[in-house]
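# Tertiary structure, described
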Amino acid sequence: MVERLKMRWFAATTLLLVMIFLSQLTNAELELKGPEEGNTKKKDAAGEERDGTGSDSGTETSNMRKSTEELEFWKSLEESVLGKEADSRQQVGDKKSDKSGMFEGLPDDIQFMRSAIKIVKAPDLSQDKENRKMSEMLNELLENHERMILKIESEIEEINRMTPEDEEEEPRVLSPEEIEAQEAYDRAMVVMNRTKVDKLQGHKLMLEAAGKGHSLARCHVAWAQLLGNPVHMDIESAKKTFLELAEQGLPDAQMGLGFMYATGVGFNVSQAKALVYYTMAAIGDNSWAQMALGYRYWAGVGVPNSCETALDYYRKVATKVADQVTFSGGAAIHRIRLLDEIENSGPSSGILDNDLIDYYQLLADKGDVQAQVGLGQLHYQGGRGITLDHQKALQYFSQAANAGNAVAMAFLGKIYLEGSDNIKADNDTAYKYFRKAAELGNPVGQSGLGIMYLHGKGVAKNTAKALKYFTQAADQGWVDGQLQLGNMYFSGIGVKRDFKLATKYFNLASQSGHVLAFYNLGQMHAVGLGMMRSCPTAVELFKNVAERGKWAERLMAAHHDYRLYRFEEAFVQYALMSELGYEVAQSNAAFLLDRGEVNLFKNRNEELIRALQFWGRAAAQGYSAAQVKLGDYHYYGLGTTVDYETAASHYRMASEQQHNAQAMFNLGYMHEQGLGMKKDMHLAKRCYDLAAETSPDAKVPVTLALMKLQLMFKFESLQESPFSFLLNLNENIVSNWDLYLITVLTVLFGAALYFRRPQPPTAEGGGANDHHNHNPRQPTPQPPEPDEDDNQQQQPTDEHIDGTSSERTRQRTSGTPQREQQREDGPQ
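Notes on the structure follow. (Residues numbered from 1 in each chain as written. Predicted model: local features only at pLDDT ≥ 70, side-chain atom pairs only at ≥ 80, totals over all residues. Heavy atoms only, no water.)

### Some details on the state of the cysteines
Taken as a whole and judged by the stated rule, the model has 1 disulfide. Between the sulfur atoms of Cys307 and its disulfide mate Cys535 the distance is 2.1 Å. Given an S-S torsion of about -115°, the disulfide between Cys307 and Cys535 has left-handed geometry. Taken together, the positions of Cys307 in helix α12 (residues 307-323) and Cys535 in helix α24 (residues 535-546) put the pair 228 residues apart, joining distant regions of the chain. Of the residues examined, Cys535 reaches a relative accessible area of 7% and is grouped as buried. (Disulfide = S-S within 2.5 Å. Helix = DSSP H or I, 4+ residues; strand = E, 2+ residues; numbered from the N terminus. Buried < 20%, exposed > 50% of the residue type's maximum accessible area, 1.4 Å probe, protein only.)

### A look at the side chain of Glu569
With respect to the element layout, Glu569 can be found in helix α26 (residues 567-579). Apart from the residues within four sequence positions on either side, Glu569 is in contact with Leu227, Gly228, Met233 and Asp561. (Contact = heavy atoms within 4.5 Å.)

### Observations regarding the packing of α26 against helix α27 (residues 583-594)
α27 packs onto α26 with a crossing angle of 145° between their chain directions and a minimal axis gap of 8 Å. Read as a crossing pair, α26 and α27 show a hand that is left-handed. Listed contacts from α27 to Phe567, Ala570, Phe571, Tyr574, Ala575, Met577 and Ser578 of α26 are Ala585, Gln586, Asn588, Ala589, Leu592 and Leu593. Residues belonging to the contact of α26 with α27 are distributed by class as follows: 10 nonpolar, 3 polar and no charged. (Axes fitted to C-alpha atoms, helices over the stretch in contact; angles between N-to-C directions. Left-handed = near helix turned anticlockwise from the far one by under 90°. Nonpolar A, V, L, I, M, F, W, Y, C, P; charged D, E, K, R; others polar.)

### Describing the packing of aromatic side chains
Scanning the entire structure with this criterion turns up 26 aromatic pairs. Ring centres of Trp223 and Trp288 lie 5.2 Å apart, and the angle between their planes is 85°; this geometry places the pair in the edge-to-face category. On the criterion of sequence distance, the pair formed by Trp223 in helix α7 (residues 215-227) and Trp288 in helix α11 (residues 287-299) is long-range, its members being 65 residues apart. Under the relative-accessibility criterion, Trp288 is labelled buried at 15%. For the pair Phe571 and Phe614, a centre-to-centre distance of 6.3 Å together with 85° between the ring planes defines the contact as edge-to-face. Placement of the pair is Phe571 in helix α26 and Phe614 in helix α28 (residues 604-620), with a sequence separation of 43 residues. We note that Phe571, like Phe614, is buried. (Phe/Tyr/Trp six-rings, centres within 6.5 Å; stacked < 30°, edge-to-face > 60°.)

The values reported here are purely geometric and, on their own, carry no functional implication.
And the structure:
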């Protein structure tokens, strides 16, 4: 009600000022035109200045008469409202009349206007007396207007006393059961928010709080059941809990229902219902829902594309993430694409092998300083398969610092400056290590000293020293120094404000991936500070910041489930992150569906349709392999109809924009076959050559494809030669060439078997002649039992060959097997 009165007050004030201005303007105009109109009337009455037709003068006379009537109306209104006598005014047309009682007996509203409005004529500015009257009239007008404003304000105050809307409601008294449930939930959140999270212990405490009826705890348990982490998947139980809590208006439950409707997990797909639940959850300040809506409005998924709306949602989430960024920068998140991991098997995924970690630990235990520093950084920032553990980081850094390593000293300063779960913050110790590292020229130590002087932590606040140390660190390329220098120039702390220099240092810090640099650049692009305003650039920067929230850890959890062959659990987690706009999650969800490793949907075609959708979203965010997959799906008709032109367009985009070798090769094949485009051998060869130049892995298939092209070129040249009649075969023969080829091959194979079969033995008595007729170096079949005459005739020849006739004779007479005889009598 107060707001309505304020609006009425503002409207009344505006209306009064407009009426006053118009009345003053009209009276001044009429007063200036009055004498001329009087003279015109006199001239008209005397018949002067008339032309032959009288039309122009008649029109002019009617206009004058109308102006005179308006003048009389305003004069009467003025005299009646202001209650002034006619003889106190100087009239223009030598007429005086008293019409002060014209509005007598009118309602109180008019009487109120009499006290608030004065309609006056502009006086003759050539007379000092009229000027004084004008000044007095304006003063009186302002006094009346001020009294009216005071009256409205007094009414508003009275209403405020009558209806105390701004008074805070008294907090509801919790029952003992509710207090106990809240305490259990708080204990669970303490465990979940630790640097080194124990998920099983946290979930156990959440179950305890949920069993006592705590709504947020119940929703947390439902999310764990839906995602299958860290417990077994139970979609129906999660669905039931979400429906019950969403009716109570819990934003987290509304987000869960929106996700289930959007992905078709537990419900039939309904993007309209998903949008409704996302919107309600976003109004309730749910960060996931705000990210989902920001991505949808940015990419135009189910809603019209709106950069400004996406900017609004992403800015809210980015602000929350930036507020939670610690001095360490937070945990490192590795985004692993399953498709790249499969195609490029090996250490390229970024996950350190356990054997390699054991090797580094062995080196660190033996005193290797570099190994100690490396392991300390891994445990300090996490990532690459290693969880955050500041206690182990402190241990490794201390060992390296004792050996005089400046990097270890600087990181020890960061640990003690910020503190951790089991490490108490100590500004004095932090300053000591920062000082030692800075004296050794380490940029991390210099930046740490700059932060302590800038904020006055453990030392007196000194912006000049802070600027000095930040400049030294930035000159060595250290990201924290660049970021803090940008902050100082942006805010004008210790230096003259300079948005261009701030932008320069923020850009340098963003190249190293600092989340606060992205956030600050997003703010500058959003409002146009030091640069032209760019909504798309601001959205991309805020999106980058929002995707570095704590929830990004689910990407690594999903990859861990995939390595354990828990494909359904991995898919649901990837699907959730894909709804939030993560490109790597979209491509991984599509990869799992493409390989048929998810059993959550009705049939294979439904899986391919969803995979096509995920590939499309990932391709829209610049993933070239997803663009190639889109081409493959349209080429083979997977989840859609066969469309060679669309496939070729996707291949072309991946080839021209991302320089993908596979896309170039596919384009070459389609040019070669004339699929979706005009057949062109020269363009096909060009695409093949580009693929070989782009990727060394494509050289072997490109070589084979070029050999095939050469054969096709020869075939075409043969068609143009005089021997082209050989190619003009009967259509039936050409269409059944495979049958004829099989028949010919069968005949050839049978002939080969026939001629390779063993020859039958020769007739008796012909062995000696045949033996002498053959080349002695070639084996001949030996007769089963030659007689003595034959042996005598063969003896000189055998002696001439190898000189072993006597021994051979003994073997024959002693009953040597036929196989041994053939082996001995063969060529030597």
